[in-house]
Amino acid sequence: MASTNSSRQSAASSTHRAPAGDKFCLMLYGSVPTACFVIGYTAHRRDAMENRILKAIPSRELRVISSQLKPVMLAKGAVLYEAGERIAELYLPEDAIVSYLSGTVNGETIEVGVVGNEGIVGIAGLLGEATAFRAVVQIPGHAFSLKRDLLRKEFRRHEGLHRVLLQYTNALVVQLAQTAVCNKFHSVEERFCRWLLMAHDRAPSDILPMTQESVARVLGSRRASVSVVAASFQKKGAIRYSRGMIRILDRKHLEAGSCECYEIITEAHLKLDA
Amino acid sequence: MNSILHCLPPSEFKLLEADLNPVELSKGEVLFEPDRRGDYMYFPSDGVISFLGDTGEGGSVEVWSVGYEGIAGLSSLSGTSKPFRGIVQVAGTALTGKTSSLRRHFQKSNAFHDAVLRYYDYLLVQISYVGICNHNHSIEQRLSRWLLMIGDRAGTTELKFTQDAIAGILGTRRATISVAAAALQSQGLISYSPGAIKIETRRGLEKASCRCYKFINSRKR
């Protein structure tokens with residue numbers, strides 16, 4: 001437990017592009033895709049937390065749920081919920097990234113929404129009971145899990161928690177709607193850039209443990225199309241990919257290549273902190 | 001009557017009603033401008049409000065719509081705005097109230113609070129499924145799905161829409177809508193004249209539609 005905790009500290013305290021984070025990702029890559037495992041109970045200090053929902057809750061209220069937050073490790077590829085499943089636990093990612101995926105007619109998948117440190121996975125459990133989508137861990141990492149029944153009860157009682165979760169729900173409405181527009185109307189290239197920028201914002205390092213295959217599954221396009229796009233951005237010096245990883249070298253190229261959806265979605269989620 | 005209001009216990013509905021006023025929604029009226037916080041929320045009875053996203057180059061696509069089953073202007077409840085334009089797609093009536101007073105009811109009334117949460121759940125599913133539908137399915141399936149959804153909300157089989165307007169809702173060109181409408185008409189599912197479409201057989205149209213229509217409906221509670 002001590003070693004996992006210290007790696008969490010190093011990942012959390014390092015900035016976006018620090019090499020410490022790279023090591024962290026390498027360590028996690030290839031871990032077994034079981035759902036997740038508990039890494040122990042600790043006293044949670046807000047300044048050590050990366051999740052923006054937890055950071056935005058007033059400290060008095062955070063203390064109420066803090067003893068119930070269970071630190072967990074989310075392994076790459078782990079399925080947190082299947083479509084239609086009743087939600088028992090919600091997850092607040094620290095540096096993990098989770099996708100809501102839907103199937104397409106050709107048996108491919110497409111991402112309808114993404115959750116990282118700006119949000120909470122399984123909000124459908126708070127609003128209703130079951131999720132309509134499969135939730136899959138794209139980038140492995142840490143999260144806190146919280147029992148649905150507990151959150152549902154406390155959420156109604158605490159004004160700050162209530163406000164923050166509702167603001168997040170509104171941001172998610174914007175994200176899902178804008179992602180839908182993006183998936184339908186924008187090129188694979190634009191969507192590739194948008195996704196990498198969004199993932200980079202939420203990841204602890206510049207290395208995203210994503211194969212071109214897994215990027216294709218998120219974008220709902222064929223591997224071959226993703227491959228062409230990835231090659232062109234590698235040539236520009238924006239990214240470098242190797243052995244199932246994509247390293248972000250220069251965000252400027254990705255920002256130039258992305259559609260405005262990146263900004264619209266990012267701005268919607270920033271309002272949480274306002 | 002709006003379902004959300006209809007499902008409230010009579011005592012709670014009375015309290016809410018005191019802060020609501022009936023309003024006529026006229027076709028084409030813009031109720032919400034993108035990125036501007038709304039001061040009012042709307043509970044349609046038989047009108048339909050559509051939220052439109054920008055597809056680039058002047059095009060638009062419907063990202064979600066609100067009829068008797070829902071509420072338009074929810075984001076104002078938590079003081080946020082959204083980057084979409086909300087316009088009246090089908091004329092009708094609604095009850096409307098100031099967000100500031102509805103926020104108090106939302107905090108106090110458990111029944112209203114829970115109804116809003118359930119609606120949010122449905123809304124997230126509707127948005128995602130409409131998006132997936134637009135991405136995955138043929139224009140005939142999408143047109144059928146949309147006609148069924150709007151027909152349910154408007155409570156009529158006669159819909160006043162030009163093919164241009166439908167193109168701006170389904171995010172495609174007028175010519176594409178024209179071809180799809182002709183195909184549905186030749187199967188006897190709809191009939192159309194300039195500026196109007198009539199649903200001839202709902203069951204036939206359900207068969208022509210993808211599963212998205214049924215799935216979205218199944219999440220309504």
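In this text the structure is predicted, and so the values were computed from the model without any measurement.

> Hey, could you run me through the overall build of chain B in this one?
When helices and strands are tallied, chain B shows 9 helices and 10 strands. Computed over C-alpha atoms, the radius of gyration of chain B comes to 17 Å, within 12% of the 17 Å expected from 2.2 N^0.38 for 221 residues, which places it in the range of a compact globule. Taking the principal axes of the C-alpha coordinates as reference, chain B spans close to 55 × 35 × 30 Å. Taking the intrachain contacts of chain B between residues at least 6 apart in sequence as the baseline, contacts between residues at least 24 apart amount to 73%.

> Help me understand the nonpolar core, please; the structure alone is not making it clear to me.
Most often, soluble globular proteins keep nonpolar side chains buried together rather than apart. With 156 residues, the main nonpolar core has A:Val98, A:Ala177, B:Val63, B:Ile127 and B:Leu147 as its most contacted residues. Sequence-distant contacts of B:Ile127, defined by excluding residues within four places in its chain, comprise A:Val173, A:Leu176, A:Ala177, A:Ala180, B:Val63 and B:Trp64.

> Explanation requested: the confidence of the model for chain B in the structure shown.
Detailed reading of the predicted model is not advised wherever pLDDT is low. Residues and elements named next belong to chain B. Taken as a whole, chain B shows an average pLDDT of 94; of its residues, 100% reach a score of 70 or greater. Strand β1 (residues 21-25) holds the highest mean pLDDT among the elements of chain B, 98, whereas helix α9 (residues 212-218) holds the lowest, 87. Interface confidence for the predicted complex, given as ipTM, is 0.94, next to a pTM of 0.89.

> Can you walk me through helix α6 (residues 163-170) of chain B in this structure?
The α-helix advances 3.6 residues per turn, and as a result positions three or four apart in sequence lie on the same side. Residues and elements named next belong to chain B. For α6, a buried count of 6 out of 8 residues is recorded, marking the element as mostly surrounded by other parts of the structure. Of all the positions in α6, only Gln-163, Ile-166, Ala-167, Gly-168, Ile-169 and Leu-170 are classed as buried. Each element contacted by the buried residues of α6 is listed here: β4 (48-56), β5 (59-66), α5 (139-154) and α7 (174-186). A positive backbone phi angle near 70° is found at Gly-171, which sits one or two residues after α6.

> When you look at the interface of chain B and chain A in this model, what are you seeing that I'm missing?
The extent of an interface is frequently quoted as the accessible surface area lost upon association of the parts. Taken together, the contacts link 29 residues of chain B with 30 residues of chain A. Of all the secondary-structure elements, those providing two or more residues to the side of chain B that touches chain A are β4, β5 and α4 (110-136) of chain B. Considered class by class, the residues forming the side of chain B that touches chain A number 13 nonpolar, 12 polar and 4 charged.

> Before we go on, may I ask you to explain the sheet that holds strand β9 (residues 190-193) of chain B in this structure?
Across the sheet, 3 strands lie side by side as β8-β10-β9 (chain B); this open sheet has antiparallel pairing. Each having just a single partner strand, β8 (158-159) and β9 of chain B make up the two edges of the open sheet.

> What should I look at first to understand the domain arrangement of chain A in this one?
Residue and element names in this part refer to chain A. Along its sequence, chain A is organised into domain 1 (2-15 + 32-183) and domain 2 (186-269). On the domain 2 side, the residues contacting the 26 residues of domain 1 number 21 residues. Counting residues per element, the side of domain 1 that touches domain 2 draws most heavily on helix α7 (residues 159-185), which supplies 7 residues. Looking at side-chain class alone, the side of domain 1 that touches domain 2 contains 10 nonpolar, 11 polar and 5 charged residues.

> How should I be thinking about the sheet that holds strand β7 (residues 134-139) of chain A in this particular structure?
Strand-to-strand pairing in sheets goes through backbone hydrogen bonds, with the strands running parallel or antiparallel. Residues and elements named next belong to chain A. In spatial order, the strands read β3-β7-β5-β6; together these 4 strands make up an open sheet with antiparallel pairing. Of all the strands in the sheet, just β3 (79-81) and β6 (109-115) have a single pairing partner and so form its edges. Between one strand and the next, the sheet's axes are offset by a mean angle of 40°, whatever the strand orientation. When strand β5 (residues 97-103) meets β7, the two strands line up antiparallel, connected through 5 bridges. Along β7, the bridge assignment pairs Val-98 with Val-137.

> Which parts of the structure should I look at to understand unusual backbone geometry?
In most cases, non-glycine residues show a negative phi, while peptide bonds are predominantly trans. A positive phi angle, close to 30°, is found at A:Arg243, a residue other than glycine. With respect to the helices, strands and loops of the structure, A:Arg243 is situated in the loop between β10 (239-242) and β11 (245-248). The exposed category is assigned to A:Arg243, around which 7 C-beta atoms lie within 10 Å. Even without glycine at this site, B:Asp35 takes up a positive phi of about 65°. Inspection of the secondary structure puts B:Asp35 in the loop between β2 (30-32) and β3 (40-44).

> In this structure, what is going on with the domain arrangement of chain B? I would like to understand it.
Residues and elements named next belong to chain B. Structurally, chain B comprises domain 1 (3-133) and domain 2 (137-218). A separation of 23 Å is found between the C-alpha centroids of domain 1 and domain 2. In this complex, domain 1 contributes 16 residues to the contact, which on the side of domain 2 involves 16 residues. Of all elements in the fold, only β4, β5 and α4 reach the threshold of two or more residues within the side of domain 1 that touches domain 2.

> I would appreciate a short explanation of the packing of α7(A) against helix α12 (residues 261-270) of chain A in the present structure.
Each pair of packed helices gets described by two things: the angle between the helix axes and the distance between those axes. All names here are of chain A. Interaxial distance between α7 and α12 falls to 8 Å at its minimum, and their mutual angle equals 170°. When the interaxial angle is binned, α7 and α12 end up roughly antiparallel. Together, Ala-171, Val-174, Gln-175, Gln-178, Val-181 and Cys-182 of α7 and Cys-261, Ile-264, Ile-265, Ala-268 and His-269 of α12 make up the contact between the two elements. Grouping the amino acids of the contact of α7 with α12 by side-chain chemistry returns 8 nonpolar, 3 polar and no charged.

> Help me understand the pairing of strand β8 (residues 141-147) of chain A, please; the structure alone is not making it clear to me.
All names here are of chain A. Within β8, 6 of the 7 residues are buried, which leaves it mostly tucked inside the rest of the structure. Pairing geometry for strand β2 (residues 70-74) and β8, over 5 bridges, is antiparallel. Bridge pairing links Met-73 to His-142 in β8. Here strand β4 (residues 89-93) pairs with β8 via 5 bridges, running antiparallel. Of the residues in β8, the one forming a bridge with Leu-90 is Leu-146.

> What is the right way to read the pairing of β3(B) from this model?
The two faces of a sheet get side chains in turn, since along a regular strand they alternate between them. All names here are of chain B. Counting buried positions along β3 gives 4 out of 5 residues, so the element sits mostly inside the fold. Pairing geometry for β3 and strand β7 (residues 92-98), over 5 bridges, is antiparallel. The partner of Pro-44 across the bridge, within β7, is Ala-94.

> In this structure, what is going on with α7(A)? I would like to understand it.
Here α7(A) is 27 residues long and its end C-alpha atoms lie 39 Å apart, about the 39 Å a rise of 1.5 Å per residue gives. Across the 27 residues of α7(A), 22 count as buried, placing the element largely inside the fold.

Conventions and cut-offs
Residues numbered from 1 in each chain as written. Chains lettered and ligands numbered in written order. Predicted model: local features only at pLDDT ≥ 70, side-chain atom pairs only at ≥ 80, totals over all residues. Helix = DSSP H or I, 4+ residues; strand = E, 2+ residues; numbered from the N terminus. Rg over C-alpha atoms; globule rule 2.2 N^0.38 Å. Contact = placed C-beta atoms within 7 Å. Core = buried A, V, L, I, M, F, W, Y, C linked by C-beta atoms within 7 Å. Buried ≥ 20, exposed ≤ 12 C-beta atoms within 10 Å, placed from the backbone. pLDDT = per-residue confidence, 0-100. Nonpolar A, V, L, I, M, F, W, Y, C, P; charged D, E, K, R; others polar. Pairing = 2+ DSSP bridges. Domains from an automatic or database assignment. Axes fitted to C-alpha atoms, helices over the stretch in contact; angles between N-to-C directions. Parallel < 35°, antiparallel > 145°, perpendicular 65-115°, else oblique. Expected span 1.5 Å × (residues − 1).

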